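As a plain string of letters, each chain reads:
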Amino acid sequence: MYLGMSQPGAATRELAFTASDRMRAQSRSAVQPANPFVESRDQIRDRILAELGVDRITLLKLNPQARIESEISIMIETARRTPPAPIRATGNFVDLRV
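As the structure is a computational prediction, the values presented were derived from the model and not from experiment.

Rules used throughout
- Residues numbered from 1 in each chain as written.
- Predicted model: local features only at pLDDT ≥ 70, side-chain atom pairs only at ≥ 80, totals over all residues.
- Heavy atoms only, no water.
- Patch = residues over 30% accessible without salt bridge, like charges linked within 9 Å, V, L, I, M, F, W, Y side chains within 5 Å.
- Areas by Shrake-Rupley, 256 points an atom, 1.4 Å probe, with all protein chains shown as cover.
- Salt bridge = Lys/Arg side-chain N within 4 Å of Asp/Glu carboxyl O.
- Helix = DSSP H or I, 4+ residues; strand = E, 2+ residues; numbered from the N terminus.
- Buried < 20%, exposed > 50% of the residue type's maximum accessible area, 1.4 Å probe, protein only.
- Axes fitted to C-alpha atoms, helices over the stretch in contact; angles between N-to-C directions.
- Parallel < 35°, antiparallel > 145°, perpendicular 65-115°, else oblique.
- Left-handed = near helix turned anticlockwise from the far one by under 90°.
- Contact = heavy atoms within 4.5 Å.
- Nonpolar A, V, L, I, M, F, W, Y, C, P; charged D, E, K, R; others polar.

### Side note on a nonpolar patch on the surface
Thought 1: Taken together, I68, I72 and I76 make up a surface patch of nonpolar side chains, about 290 Å² in accessible area.
Thought 2: Among the secondary structure elements, I68 is positioned in helix 4 (residues 64-81).
Thought 3: Given a relative accessible area of 47%, I68 falls into the partly exposed group.

Written out as structure tokens, the structure reads:
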């Protein structure tokens, strides 16, 4: 019975280098993802805060009314920049046989 590299006298070193070369070649020619990178809502919110020059600690230090107004404007801007969720068509099977 032939067991490949475990057979006495098999050239393991050359096979190991060939396998590693193949792995490197495959990693270089990897297929790019079909969908571009999509930011999460938290990442978009953090980017908006950075653009405004505000961090989360500063928001916490505001008085309650100012904080609510700030959070509302940040939530509106986050919702505006967030891409819409993909539409998933769902249907019900209706049996019309009589």
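### Considerations on the pattern of salt bridges
Thought 1: For the structure shown, the criterion picks out six salt bridges.
Thought 2: Between R56 and D46 there is a salt bridge; the shortest N-O distance is 2.6 Å. Here R56 is found in helix 3 (residues 56-61), whereas its partner D46 is found in helix 2 (residues 41-52), with ten residues between them in sequence.
Thought 3: When its relative accessible area of 36% is taken as the criterion, D46 is described as partly exposed.
Thought 4: As a salt-bridge pair, R81 and E77 come within 2.8 Å of each other at their nearest N and O atoms. Of this pair, R81 and E77 both sit in helix 4, separated by four residues, roughly a single helical turn.
Thought 5: When its relative accessible area of 27% is taken as the criterion, R81 is described as partly exposed.

### Details of the packing of helix 2 against helix 4
Thought 1: For the pair helix 2 and helix 4, interaxial distance at closest approach is 9 Å and the crossing angle is 125 degrees. By the criterion of interaxial angle, the relationship of helix 2 to helix 4 is oblique. You can see that helix 2 and helix 4 cross each other, and the crossing is right-handed. Residues R41, I44, R45, R47, I48, L49, E51 and L52 of helix 2 form the contact with helix 4, whose own contacting residues are E71, I74, E77, T78, A79 and R81.
Thought 2: Of the residues contributing to the contact of helix 2 with helix 4, the split by class is six nonpolar, one polar and seven charged.

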